[in-house]
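If you want the building blocks of each chain, they are given just below.
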Amino acid sequence: MNPKLLSIIPKLVKLSLNQWQVRRLLEQYKGINRSCQLILRDDGDETAIWIGIEDGEVKVKIGKYPATTTVTMDVDVFIDIVKGRVDFRTALWHGAIQIESHDGRPWSYHAMLWAGFWDMVAQILR
């Protein structure tokens, strides 16, 4: 795991401790089953995190696993998104994030789904 990710551990702990709000916000994802292979790059190093939404429940694993989408970005962009300094959509449209679809749907479908997910994370962490 990239040492830069250690700087967001307090944010991720806050996210995991706020289960009531997470569940309430995830109700909008009931019936949606999507997964994202998040690839975070930094100076030739790569950290892979799998995030899945299965019937309104979020599951996270470290490593590479089959997913409906691959989202690739610099680790610093990811940290800025989690800390609320950068919006996912803004980073995407400026080319700082690449999205690949693996289920036949357009990449833009996945972009909007995951943008909503990161909006939810940013709302919880405010």
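Rules behind the numbers
Residues numbered from 1 in each chain as written. Predicted model: local features only at pLDDT ≥ 70, side-chain atom pairs only at ≥ 80, totals over all residues. Heavy atoms only, no water. Phe/Tyr/Trp six-rings, centres within 6.5 Å; stacked < 30°, edge-to-face > 60°. Helix = DSSP H or I, 4+ residues; strand = E, 2+ residues; numbered from the N terminus. Buried < 20%, exposed > 50% of the residue type's maximum accessible area, 1.4 Å probe, protein only. Lys NZ or Arg CZ within 6 Å of the ring centre and 35° of its normal. Pairing = 2+ DSSP bridges. Axes fitted to C-alpha atoms, helices over the stretch in contact; angles between N-to-C directions.

A. Representation of the packing of aromatic side chains. Evaluation of the coordinates by the stated rule reveals two aromatic pairs. Arranged with centres 5.5 Å apart and planes meeting at 85°, the rings of Phe78 and Trp118 form a pair that is edge-to-face. Remark: Trp118 occurs in helix 5 (residues 107-125) and Phe78 occurs in helix 3 (residues 75-82); sequence separation between them is 40 residues. Look at Trp118 and you get buried, because its relative accessible area is 9%. If you follow Lys61 out to its NZ or CZ, it ends over the ring of Tyr65, 4.4 Å from the centre. Here the guanidinium or amino end of Arg105 rests over the ring plane of Tyr109, the centre of that ring lying 5.0 Å away.

B. Seen up close, unusual backbone geometry. A positive phi angle is found at Asp43, which is not glycine, with a value near 45°. Position of Asp43 among the secondary structure elements: in the loop between strand 1 (33-42) and strand 2 (45-54). Residue classification places Asp43 among the exposed residues on the basis of a relative accessible area of 77%.

C. Layout of the sheet that holds strand 2. Strand order in the open sheet formed by five strands is 3-2-1-4-5, with mixed pairing between adjacent strands. On the outer flanks of this sheet lie strand 3 (57-62) and strand 5 (97-101), each paired with one strand and no other. Averaged over all pairs of adjacent strands, the angle between strand axes in this sheet comes to 20°, irrespective of strand direction. As paired elements, strand 1 and strand 4 (residues 69-74) share six bridges and run parallel to each other. Note on strand 4: the bridge partner recorded for Cys36 is Thr69.

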